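# Structural description and commentary
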Amino acid sequence: MYQPGTSPLHRLSPGPKLVGLFLLAIAVLVAKGPWTGVGFVVLALALAALGSLSPSSVLRALRPFVIVAVLLLTFNAWQNGWPRAVEVVADLTALILAATVLTATTAVNDLLDTIVRSLGPFRRFGVDPDRVGLTFSLMLRALPGTIELAAETRDAARARGLERSIRARTIPLVLRVVARARDTGDALHARGVLD
């Protein structure tokens, strides 16, 4: 995630970066056509270069998306033609790259503090900014934890000679993820956070 540095994007505060990502997402949704999608990918790659992200970190961010991209490209080409297929995959790739640039150039604590501060005016409507910040924090911690549990479960299934069994990989993973979520909920409750 965060990669310390001195690039212009590292020096920029998290607020403008979040607003920029939001505006980019709106532009991606509004603009149509495969060439606009390719243009957004080029823009996101330029932002990655401006943020001093290495090509390997950019590729590492896109690696989990490759299978989904191939499936989306194939399905959309079949259903809607190649121009629409390229547009869909390029748009998603651009957003993934832009989000990667944001997380690579912004410390998580700074990002969470900005989110909590920006939600302050919504207190009068019943929004608890601290609770929203805690939710984001838990989500950011849960994702790597879930990936770690998946790898451990896969290794355990492989050790039992069941690497091809979906059941041997899925059921223990679901049980472990639910158990971790319950433990987290119990810990929060014990500290009075959910009261």
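Residues numbered from 1 in each chain as written. Predicted model: local features only at pLDDT ≥ 70, side-chain atom pairs only at ≥ 80, totals over all residues. Heavy atoms only, no water.

Under an unreviewed UniProt entry, the name given to the chain is Energy-coupling factor transporter transmembrane protein EcfT, and the source organism is Aeromicrobium phoceense. The heading Subcellular location (unreviewed entry) in the UniProt record of the chain holds the text "Membrane". (UniProt positions renumbered as here; feature names shortened; annotations may be inferred.)

Note on placement: Val-70 falls in helix H5 (residues 66-80). The partly exposed category is assigned to Val-70, whose relative accessible area is 48%. In the structure, Val-70 is positioned 19 residues away from Val-89 in sequence and 8.4 Å away in space, judged by C-alpha atoms. (Helix = DSSP H or I, 4+ residues; strand = E, 2+ residues; numbered from the N terminus. Buried < 20%, exposed > 50% of the residue type's maximum accessible area, 1.4 Å probe, protein only.)

Right, let's talk about the domain arrangement of the chain for a bit. By the assigned domains, the chain splits into domain 1 (8-106) and domain 2 (126-191). Domain 1 and domain 2 are separated by 27 Å when their C-alpha centres are compared. (Domains from an automatic or database assignment.)

The subject of this paragraph is the nonpolar core. With 17 residues, the main nonpolar core has Phe-40, Leu-53, Val-58 and Leu-97 as its most contacted residues. Among the secondary structure elements, those contributing two or more residues to this core are helix H2 (14-30), helix H3 (34-50), helix H4 (55-62) and helix H6 (82-105). Here this core gets six residues from one element, more than from any other, and that element is H6. Among residues more than four places away in sequence, those in contact with Val-58 are Leu-45, Ala-48, Leu-53 and Leu-97. (Core = buried A, V, L, I, M, F, W, Y, C linked by side-chain atoms within 4.5 Å. Contact = heavy atoms within 4.5 Å.)

A word on the side chain of Thr-106. Along the chain, the position of Thr-106 falls in the loop between H6 and helix H7 (108-118). Among the polar contacts made by the side chain of Thr-106, one reaches the main-chain carbonyl oxygen of Leu-102 at a distance of 2.9 Å. Every residue in contact with Thr-106, bar those within four places of it in the chain, is listed here: Tyr-2, Pro-14, Lys-17 and Leu-111. (Polar contact = N/O pair within 3.5 Å; in protein donor to acceptor, adjacent residues only side chain to side chain.)

Attention now moves to H2. Look at H2: 24 Å from first C-alpha to last across 17 residues, which is about the 24 Å you get at 1.5 Å a residue. All of the buried residues in H2 are Pro-14, Lys-17, Leu-24 and Val-28. What you see down the axis of H2 is that its buried residues fit within an arc of 85°, all on one side. Pointing more than 90 degrees away from the buried face of H2 are the exposed residues Phe-22, Leu-23, Leu-29 and Val-30. (Expected span 1.5 Å × (residues − 1). Arc of directions from axis to C-beta.)

Turning to the packing of H3 against H6, a few remarks are in order. The contact between H3 and H6 brings their axes to 8 Å, and the two run at 20°. Between H3 and H6, the interaxial angle falls into the category roughly parallel. Viewed along their axes, H3 and H6 form a crossing whose handedness is left-handed. Taken together, the residues of H6 that come into contact with H3 (itself represented by Pro-34, Gly-37, Val-38, Phe-40, Val-41, Ala-44, Leu-45, Leu-47 and Ala-48) are Pro-83, Val-86, Glu-87, Ala-90, Asp-91, Thr-93, Ala-94, Leu-97, Ala-98 and Val-101. (Axes fitted to C-alpha atoms, helices over the stretch in contact; angles between N-to-C directions. Parallel < 35°, antiparallel > 145°, perpendicular 65-115°, else oblique. Left-handed = near helix turned anticlockwise from the far one by under 90°.)

Another point: the UniProt feature "transmembrane region" (unreviewed entry) in the chain. Sites flagged by UniProt as "transmembrane region" (unreviewed entry) map to residues 20-50, 62-80 and 92-112. As annotated, residues 20-50 has a helix share of 90% and a strand share of 0%, and its two end C-alpha atoms lie 14 Å apart. Secondary structure content for residues 92-112 is 90% helix and 0% strand, while the C-alpha to C-alpha distance between its ends is 24 Å.

A cluster of nonpolar side chains, contributed by Val-19, Phe-22, Leu-23, Ile-26, Leu-29 and Val-30, occupies part of the molecular surface with about 620 Å² of accessible area. Mapped onto the fold, Leu-23 is located in helix H2. (Patch = residues over 30% accessible without salt bridge, like charges linked within 9 Å, V, L, I, M, F, W, Y side chains within 5 Å. Areas by Shrake-Rupley, 256 points an atom, 1.4 Å probe, with all protein chains shown as cover. Salt bridge = Lys/Arg side-chain N within 4 Å of Asp/Glu carboxyl O.)

Considering the arrangement of structural elements, one finds Asp-110 in helix H7. Along the primary structure Asp-110 and Val-38 are separated by 72 residues, whereas in three dimensions their C-alpha atoms are 31 Å apart.

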